[in-house]
Amino acid sequence: MCVIVDIRFLSTFLEVAQTRHFGKAADNLYLTQSAVSARIKLLEEYFNTSLFIRNRNSIQLSPAGEKLVPYAQELSSKLADAKKALNQESVQFLCCACTPNAFHASLQQPFAQISASFPDLSLRTELTNIENLSRQLSERTMDLAFTTEPVKLDNIESVILTQVPLKLFCHQDDKGWDNYVHIEWGHKITDQLFQQYPQCKQARLKTSSLQIGLSQLNQAESGFALLPDNQYYPTLKQLPMEIALSVPLYMHSVNNNDAVGLKEVKDYFVEKGQSAG
């Protein structure tokens, strides 16, 4: 049987080797446990040997697995370096990624202004989900990442740039608590909101996207939602709240990354975050 080995299989092998636990490795890589098991199985088929000794309460590297570790580490590092070098062309650039809510809640203006602050640097930016963002950080193909929730990876430096206040907004002529649009800002915020305002549990729409939530409000021309208080909503008014809610904005980078301009760009975002807070 022909088995094609993906570089991500080796990254998965290294994560299991470090955690000695398929479930923990799956959590750290934002994969299902079955996906992790499938990748390890394909690697074992490729090398025609067992890489782990599976006991009931523990997982240990087999002798073959112990031998594979340094090769997997070197190959993963070399391929990540090669991918970065091939993408560099002749311009120094940094790769950034944001989860959509992190970008729309607080980063639109800093990213719009960054070209003027760093005219000699090319910044490549994408919006993606936290699973893909975490994978790119783990594979060292991403220099900077921004999220509204923590990233569970080793060898990652994470700082909170600011806390974005959240307020309830509704359309100007709305008077009641009908037609709530629930935008997911994290379990902790949701629990606090529902505890104080149990009527919000009956949401007409639930979404993880700030943009989708705003679009629904604008199209329906009624309803209310929990939105960042650092933006202007011309057709909405703020409702009084008895609790203070805010969502953290995280910046993540891989330790020991000496990419040109990275330190300066990180300092720039820290400064912007402090001024925003």
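Above this text sits the structure in question.
Residues numbered from 1 in each chain as written. Predicted model: local features only at pLDDT ≥ 70, side-chain atom pairs only at ≥ 80, totals over all residues. Heavy atoms only, no water.

Draft legend 1. Highlighting the overall build of the chain. Counting its regular elements, the chain contains nine helices and eleven strands. Taken along its principal axes, the extent of the C-alpha atoms in the chain is 70 × 50 × 30 Å. Counted over contacts in the chain with a minimum sequence separation of 6, partners at least 24 positions apart contribute 73%. Counting every atom, the chain has about 15,200 Å² of accessible surface; 48% of that belongs to carbon and sulfur. (Helix = DSSP H or I, 4+ residues; strand = E, 2+ residues; numbered from the N terminus. Contact = heavy atoms within 4.5 Å. Areas by Shrake-Rupley, 256 points an atom, 1.4 Å probe, with all protein chains shown as cover.)

Draft legend 2. How the structure looks around the environment of glutamate 74. Its place among the elements puts glutamate 74 in helix H4 (residues 63-88). Under the relative-accessibility criterion, glutamate 74 is labelled partly exposed at 49%. Sequence spacing of glutamate 74 and leucine 205 is 131 residues, and the spatial spacing of their C-alpha atoms is 47 Å. (Buried < 20%, exposed > 50% of the residue type's maximum accessible area, 1.4 Å probe, protein only.)

Draft legend 3. Seen up close, the nonpolar core. The biggest cluster of nonpolar side chains holds 28 residues, and the ones touching the most others in it are Leu168, Trp185, Leu193, Leu226 and Leu227. Within the residue set of this core, elements represented by two or more residues are strand E6 (156-171), strand E7 (180-183), helix H7 (187-196), helix H8 (210-220), strand E9 (224-228) and strand E11 (245-254). Here this core takes five residues from E6, the largest share from any one element. If near-sequence neighbours (up to four positions away) are discounted, tryptophan 185 is found in contact with Asn101, Ala105, Leu166, Leu210, Leu226, Pro228 and Val247. (Core = buried A, V, L, I, M, F, W, Y, C linked by side-chain atoms within 4.5 Å.)

Draft legend 4. View of unusual backbone geometry. At asparagine 48, a position not held by glycine, the phi torsion is positive, near 55°. In this fold, asparagine 48 is placed in the loop between helix H3 (33-47) and strand E1 (52-54). Residue asparagine 48 is classed as exposed on the basis of its relative accessible area of 70%. For asparagine 155, which is not glycine, the phi dihedral falls at a positive 60°. Along the polypeptide, asparagine 155 turns up in the loop between strand E5 (144-147) and E6. The partly exposed category is assigned to asparagine 155, whose relative accessible area is 40%.

Draft legend 5. Spotlight on the packing of aromatic side chains. The tally for this structure, following the rule as stated, stands at eleven aromatic pairs. Ring geometry for phenylalanine 22 and phenylalanine 52: centres 6.2 Å apart, planes at 65°, overall edge-to-face. Of the two residues, phenylalanine 22 is situated in helix H2 (residues 22-29) and phenylalanine 52 in strand E1; the sequence distance between them amounts to 30 residues. The buried category is assigned to phenylalanine 22, whose relative accessible area is 8%. These aromatic residues form a ring-pair network of at least three members: Phe103, Phe111, Phe118, Phe146, Tyr268 and Phe269. (Phe/Tyr/Trp six-rings, centres within 6.5 Å; stacked < 30°, edge-to-face > 60°.)

Draft legend 6. Summary view of H7. The complete set of buried residues in H7 reads Ile189, Thr190, Leu193 and Phe194. Buried residues of H7, viewed axially, fall in a sector of 125°; they line one side. Among the exposed residues of H7, those pointing more than 90 degrees away from its buried face are His187, Lys188, Asp191 and Gln195. Each element contacted by the buried residues of H7 is listed here: E6, E7, E9 and E11. (Arc of directions from axis to C-beta.)

Draft legend 7. The pairing of E5, seen in detail. Covered by surrounding structure in E5 are Leu144 and Phe146 together with Ala145 and Thr147, the residues of both alternating faces. Direction of pairing for strand E3 (residues 93-98) relative to E5: parallel, over a ladder of three bridges. By the bridge assignment for E5, cysteine 98 is matched with phenylalanine 146. Summarising the sheet, E5 and E11 pair through three bridges and their orientation is antiparallel. Pairing of alanine 145 across the sheet is with histidine 252, part of E11. (Pairing = 2+ DSSP bridges.)

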